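# Descriptive analysis of the structure
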Amino acid sequence: MVETFVQSTDDVIAFLRDQHNLIKDLFEEVLGASGTKAREQAFVELRQLLAVHETAEEMVVHPRARNDGAAGDDIVDARLREEHEAKVQLTKLESMDVGSDAFITELTAFREAVLEHAEREETEEFTKLERDLDESELRGLAAAVRAAEAIAPTRPHPGVESAKLNFAVGPFASMLDRARDVISAALR
């Protein structure tokens, strides 16, 4: 499992921004890998981080961002649509040959969509949370995000974008994903 710990752990916004930077770095690692084996390993780390990161946002951050009435709902609904599409694209990438030109083409387009999504989160959602939450609330959300990531699935599950579905389906999906990850790693 990819290490999801980053330097800023006391403030949920700093924590998630640091993870966005880690995600950017992992995209570059996958795209710049010197061989298929290195690309596959970097892609597995990227996939795992994206899965746990998005699940934690869906379980913890988005519900809190909705507290701003219709404006919060509109922002979160747009992010959830993007996250659903990202899960569909990531599932497609998982089934592709990482050594192929088609994989690189798809991954490059996926990277652009993910980076645009992260930018919208940071400018629309995170800015609002920074304005509305005090230091204690930011710390509490950071702890909740870390806890959610610890039990989150490590693979994309399109259609599971709400907090309720993540709480209902997530633990079971996580158990299966993590077992599948261990078996896959043992067979490499």
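Per an unreviewed UniProt entry, the chain goes by the name Hemerythrin-like domain-containing protein and belongs to Mycolicibacterium chlorophenolicum.

Turning to a nonpolar patch on the surface, a few remarks are in order. Taken together, Phe172, Met175 and Leu176 make up a surface patch of nonpolar side chains, about 330 Å² in accessible area. Given a relative accessible area of 51%, Met175 falls into the exposed group.

For the structure on display, the rule yields 18 salt bridges. Its salt-bridge partner being Glu94, residue Arg155 comes within 3.0 Å of it at the nearest N-O pair. Taken as a pair, Arg155 in the loop between helix 5 (135-151) and helix 6 (163-187) and Glu94 in helix 3 (residues 69-94) lie far apart in primary sequence, 61 residues in all. Take Arg155: its relative accessible area is 8%, and that puts it in the buried class. Several salt bridges share partner residues, and in doing so they unite Arg47, Glu94, Arg155 and Asp181 into one network.

What follows concerns helix 4 (residues 101-132). Note that an α-helix has 3.6 residues per turn; residues three or four places apart therefore point the same way. Here helix 4 is 32 residues long and its end C-alpha atoms lie 45 Å apart, about the 46 Å a rise of 1.5 Å per residue gives. Roughly 35° is the biggest bend found in helix 4, and it falls at Phe126.

Thresholds, definitions, all that
Residues numbered from 1 in each chain as written. Predicted model: local features only at pLDDT ≥ 70, side-chain atom pairs only at ≥ 80, totals over all residues. Heavy atoms only, no water. Patch = residues over 30% accessible without salt bridge, like charges linked within 9 Å, V, L, I, M, F, W, Y side chains within 5 Å. Areas by Shrake-Rupley, 256 points an atom, 1.4 Å probe, with all protein chains shown as cover. Salt bridge = Lys/Arg side-chain N within 4 Å of Asp/Glu carboxyl O. Buried < 20%, exposed > 50% of the residue type's maximum accessible area, 1.4 Å probe, protein only. Helix = DSSP H or I, 4+ residues; strand = E, 2+ residues; numbered from the N terminus. Expected span 1.5 Å × (residues − 1). Bend = angle between axes of the 7 residues up to and from the residue.

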